[in-house]
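Descriptive structure summary
Letter by letter, the chains look like this.
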2 protein chains.
Amino acid sequence: MVSIDTGRFLADLHELRQIGAYKTGVHRPTYSPQDMESRRWLMDRMAEIGLNPSIDGIGNVYGRHQGPGPHLLAGSHIESQNYAGWLDGALGVVSALALARAGLPVDVCAYADEEGHFEGGFLGSRSIIGDLSEEEIDRSHNRTDGTPLRQALADAGLAGKPRMTLEPGRHKGAFEMHIEQGTQLEKANLRAGVVTGIVAIWQYRIWIDGQQDHAGGTTMDERRDAGLTAIRLLSAVDREFPRVCGPRSTWTTGRITLDPGAPSIIPGQAMILFQFRDIDMTVLERMETTLRALVQESNRNERCKARVETVSRSTPIACDPTMLAALDAAAEACAPSLWQRMPSGAGHDSQYLGRLMPVAMLFTPSIGGVSHHWSEDTREEDLALCCDILGDAAERFLQA
Amino acid sequence: MVSIDTGRFLADLHELRQIGAYKTGVHRPTYSPQDMESRRWLMDRMAEIGLNPSIDGIGNVYGRHQGPGPHLLAGSHIESQNYAGWLDGALGVVSALALARAGLPVDVCAYADEEGHFEGGFLGSRSIIGDLSEEEIDRSHNRTDGTPLRQALADAGLAGKPRMTLEPGRHKGAFEMHIEQGTQLEKANLRAGVVTGIVAIWQYRIWIDGQQDHAGGTTMDERRDAGLTAIRLLSAVDREFPRVCGPRSTWTTGRITLDPGAPSIIPGQAMILFQFRDIDMTVLERMETTLRALVQESNRNERCKARVETVSRSTPIACDPTMLAALDAAAEACAPSLWQRMPSGAGHDSQYLGRLMPVAMLFTPSIGGVSHHWSEDTREEDLALCCDILGDAAERFLQA
């Protein structure tokens, strides 16, 4: 079995957290001086262990393994959300370094802007699979301060550099280790999560048109109350979705806006932000069919008409069965009975890599489920254990 | 039968609409130069027909009948909402003038700030029944521009003037004619509404506390979704309120705020603006009991706790049966089968006068139900007809 230097792995994580340190977390927004310093730090570490480091025109840092294949790809992102945690992203990059250092034939990559500081999001992983156009780069701006992406790339010294794409057929699969960003592992007293796939998010705006009237002068029979129709529709969703969902589906109403929103005025319009997530395309389609059927039923029964506007429909990524089997076996070897399979409810770089090659992810527990906040943390023994599992799984998969 | 000069009545209305004219409506906010001009215009009309006019320290204009009693009180307000209709309020004042001009023993009053330009609202009718303290005047500000009420009174030349209260026992009852501000008369092709009473409005904020979490990482079983609890509670209100309401009850959810209101975040808190209205105290109490029982049931069944905050609970005013009978008879005499009894869903000065004496109101149709907008209007034949009904009813009531 491959031997991971978990001491050095943890030391690397602690060294990296000094760059852009903020309280116990880090502030390394994409292409900031701190972010670029962390990319240079990463290239130095890659060179130290014999990888061939480079940085491309979108900021992807790539460490190419010099020996023979078959090769694996491993990595995540190295920039952080603003004033956020030390492990979100960094963990996947530094664990990939640990695998390469242990002698595994691993190319290590830090994909730029997974965190979406710039419009578009996932710039690095989309660029490396050939899914990011020059036109989109021309259009994109920083979501916080409005800086054009072109300007930010120039300021970071990346203007004019070519963008790299993955060498076709080079990689047998891509691993990504990440913090859970939830409490499922912690609540179940588990130490690792083998990720079965990354859910797709299907997002909608539901508009309901009624008639704005005075709440005193208009009888219940006369009303066309858009808010009441919204409540009845969402109540029907609450009743029907459990019948059609999958075992790990989620659905969420994030906002209900009644217009004009005054105490004595019957709402003339309602807008609902609604989304659901699942890993299974069949389940996603069944939930959408159900949503549309409920809206049709509402339109037959109610005086206010509802219509569904699709905001986005992403594609779920299923993790590779052979890689999953390798992770299962490695987890059971390193942490018997202290792991589970679970989907990822959040998006990750692997969802784009999964379009080109088999992918798999491993989750570490998150203390209190905190993420996107400087207090995000994971116990060091869990970090080390998961790095061992990842190394063991990589070895098993290469031999499979 | 008393003879109303409806030509002069309509001419007065058209003369008054020139003061602060805005498109086909008027802009006469309380204590504005236009509003004070309309009050001086009213005092001149009062003097013309032999009433003794005065204005008091809150801006109430009172025209005292000089002859023997029994006396009636009649009137409404003369200021308008901002850029609003020519009849809302003015109609009640000018029709009262018409009654006095016809020789009926009527004191005419324009009560200040029924429209609530200043905090507190209903300043004039509350002052004249002795329900407005100096301390409240000290505290009140204009809701639009923040001017202190004291400053506005001084600017209008009213500072230091005494405030008048009604002479105990002088009035047999108070009449108020008003536009409907709804479409019930128009839809039923009716020309007059005999108001049975003024509904009370009971208003609440319902707070629901959940747990804000990421919509991707938190399973349906783990969630404490404040928005979902809100939907279930409002669905229960929708189911139960029809079983406990009165024939003309209304209930309205004007706003639902989910915090933070983002598409991918499970709402950690929900706030609902809820109100109901009825003319019958027993029905109001039954609706409140039902609301509280549904919240208790929700708290037994849901993981998110709900609590009810009472915002306001006003008292309904029932119109006087003898005055109602006089209005019924007059309406049937002047407009056979073209009138109905109906409650007032909105508030009016009569709700305060009703604490001291019998009150009754007559509604004219509103074209399209429009009110609080400069396009508010009523057909002149309906205005004249209703003024005839009011005069006839006043005479019948005085003889009853």
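None of these values were measured; they are calculated from a predicted model.

Reading the values: the criteria
Residues numbered from 1 in each chain as written. Chains lettered and ligands numbered in written order. Predicted model: local features only at pLDDT ≥ 70, side-chain atom pairs only at ≥ 80, totals over all residues. Heavy atoms only, no water. Phe/Tyr/Trp six-rings, centres within 6.5 Å; stacked < 30°, edge-to-face > 60°. Helix = DSSP H or I, 4+ residues; strand = E, 2+ residues; numbered from the N terminus. Buried < 20%, exposed > 50% of the residue type's maximum accessible area, 1.4 Å probe, protein only. Pairing = 2+ DSSP bridges. Axes fitted to C-alpha atoms, helices over the stretch in contact; angles between N-to-C directions. Parallel < 35°, antiparallel > 145°, perpendicular 65-115°, else oblique. Left-handed = near helix turned anticlockwise from the far one by under 90°. Contact = heavy atoms within 4.5 Å. Nonpolar A, V, L, I, M, F, W, Y, C, P; charged D, E, K, R; others polar. Buried area = accessible area lost by both parts, 1.4 Å probe. Salt bridge = Lys/Arg side-chain N within 4 Å of Asp/Glu carboxyl O. Least-squares fit on C-alpha atoms with pLDDT ≥ 70 in both. Arc of directions from axis to C-beta. UniProt positions renumbered as here; feature names shortened; annotations may be inferred. Polar contact = N/O pair within 3.5 Å; in protein donor to acceptor, adjacent residues only side chain to side chain.

**Remarks on the packing of aromatic side chains**
Aromatic rings considered in pairs are described by the distance between their centres and by the relative angle of their planes. All names here are of chain B. Counting across every chain of the model gives 20 aromatic pairs over all chains. Here the aromatic rings of phenylalanine 122 and tyrosine 352 are separated by 5.1 Å at their centres, their planes lie at 50°, and the arrangement is tilted. Remark: tyrosine 352 occurs in helix 11 (residues 350-353) and phenylalanine 122 occurs in the loop between strand 6 (106-110) and helix 4 (123-128); sequence separation between them is 230 residues. Accessibility assignment for this pair places phenylalanine 122 and tyrosine 352 in one class, buried. Between the aromatic rings of phenylalanine 175 and phenylalanine 397, the centroid separation amounts to 6.1 Å while the plane-to-plane angle is 85°, which identifies the pairing as edge-to-face. On the criterion of sequence distance, the pair formed by phenylalanine 175 in strand 7 (residues 171-179) and phenylalanine 397 in helix 12 (residues 380-399) is long-range, its members being 222 residues apart.

**Re the sheet that holds strand 9 (residues 200-209) of chain B**
Hydrogen bonds between backbone groups are what pair the strands of a sheet, and the pairing can be parallel or antiparallel. Residue and element names in this part refer to chain B. Spatial ordering of the open sheet is given by 11-13-9-14, a layout of four strands whose pairing is antiparallel. Of all strands in the sheet, those bounded by a partner on one side alone are strand 11 (250-259) and strand 14 (305-313). Each strand axis lies, on average, 15° off the axis of its neighbour in the sheet, ignoring direction. Relative to strand 13 (residues 269-278), strand 11 runs antiparallel, the two sharing nine bridges. Bridge pairing in strand 13 places isoleucine 256 opposite isoleucine 272.

**A closer look at the packing of helix 10 (residues 321-334) of chain B against helix 12 of chain B**
All names here are of chain B. For the pair helix 10 and helix 12, the least separation of the axes is 8 Å and the interaxial angle reads 135°. On the basis of the axis angle, helix 10 is oblique to helix 12. The interaxial crossing formed by helix 10 with helix 12 has right-handed handedness. Residues Thr322, Met323, Ala326, Leu327, Ala329, Ala330, Ala331, Ala333 and Cys334 of helix 10 lie in contact with helix 12, whose contacting residues are Leu385, Asp388, Ile389, Asp392, Ala393, Arg396 and Phe397. Classifying every residue of the contact of helix 10 with helix 12 by side-chain character gives 12 nonpolar, one polar and three charged.

**Some words on the environment of valine 283 of chain B**
Residue and element names in this part refer to chain B. Structurally, the position occupied by valine 283 is in helix 9 (residues 281-301). C-alpha of valine 283 to C-alpha of alanine 200: the two residues are 83 residues apart in sequence and 11 Å apart in space. Residues contacting valine 283, with those up to four places away along its chain left out, are Val244, Cys245, Gly246, Ser249 and Asp278.

**Points about the interface of chain A and chain B**
Taken together, the contact between chain A and chain B spans 41 residues of the former and 41 residues of the latter. Among the residues of chain A in contact with chain B, Met220, Ile231 and Ile256 of chain A are the three that bury the most area, contributing 16% of the side total. Viewed at the interface, chain B and chain A are joined by four salt bridges. Where glutamate 222 of chain A meets lysine 187 of chain B, a salt bridge forms, and the shortest distance between an N and an O atom there is 4.0 Å. By residue number, the principal contributor to the side of chain A that touches chain B is strand 11 (residues 250-259) of chain A, which donates eight residues. Classifying every residue of the side of chain A that touches chain B gives 15 nonpolar, 18 polar and eight charged.

**Some thoughts on the relation of the copies chain A and chain B**
Rotating chain A by 180° about the axis while translating it 0.1 Å along that axis superimposes it on chain B, leaving an RMSD of 0.2 Å. The symmetry that links the two subunits is that of a two-fold axis. Both copies share a contact surface, since 100% of the interface residues of chain A are interface residues in chain B too.

**Considerations on helix 1 (residues 6-16) of chain B**
All names here are of chain B. Looking at helix 1, one finds that the buried residues are Thr6, Phe9, Leu10, Asp12, Leu13 and Leu16. What you see down the axis of helix 1 is that its buried residues fit within an arc of 155°, all on one side. Buried residues along helix 1 sit against helix 2 (33-48), helix 3 (90-101), strand 7 and helix 12.

**Looking at the pattern of salt bridges**
Residue and element names in this part refer to chain B. Tallying each qualifying case throughout the model produces 58 salt bridges over all chains. A salt bridge links glutamate 48 to arginine 45; the shortest N-O distance between them is 2.7 Å. Of this pair, glutamate 48 and arginine 45 both sit in helix 2, three residues apart, roughly one helical turn. For glutamate 48, a relative accessible area of 47% translates into the label partly exposed. What makes arginine 45 buried here is its relative accessible area of 10%.

**Regarding the sheet that holds strand 9 (residues 200-209) of chain A**
Residue and element names in this part refer to chain A. Here four strands make up an open sheet; going across it, the order is 11-13-9-14 and the pairing antiparallel. Of all the strands in the sheet, the pair left with one neighbour each is strand 11 and strand 14 (305-313). Taking the axes of each pair of neighbouring strands and ignoring which way they run, one obtains an average angle of 15° across the sheet.

**Structural notes on the UniProt feature "binding site: Zn(2+) 2" (unreviewed entry) in chain A**
Residue and element names in this part refer to chain A. The UniProt entry lists Asp88, Glu115 and His372 under the feature "binding site: Zn(2+) 2" (unreviewed entry), expressed in the numbering used here. For the annotated residues, spread through 285 residues, the largest C-alpha to C-alpha distance comes to 9.8 Å, consistent with a single compact locus. Along the chain, aspartate 88 falls in the loop between strand 5 (71-76) and helix 3 (90-101). Taking the relative accessible area as the measure of exposure, aspartate 88 reaches 7% and is therefore buried. Within polar-contact distance, the side chain of aspartate 88 engages the side chain of histidine 77 at 3.3 Å. As for its position among the elements, histidine 372 is in the loop between strand 17 (359-364) and helix 12 (380-399). Given a relative accessible area of 39%, histidine 372 falls into the partly exposed group.

**Considerations on the UniProt feature "binding site: Zn(2+) 1" (unreviewed entry) in chain A**
Residue and element names in this part refer to chain A. As annotated by UniProt and renumbered to match this structure, "binding site: Zn(2+) 1" (unreviewed entry) occupies His77, Asp88 and His178. For the annotated residues, spread through 102 residues, the largest C-alpha to C-alpha distance comes to 9.9 Å, consistent with a single compact locus. Counting through the fold element by element, histidine 178 comes out in strand 7 (residues 171-179). Beyond its immediate stretch of four places on either side in the chain, histidine 178 contacts Ser76, His77, Asp88, Gly89, Leu91, His348, Met361, Leu362, Phe363 and Thr364. Within the local environment of histidine 178, its side chain forms a polar contact with the side chain of aspartate 88, the two groups lying 3.0 Å apart.

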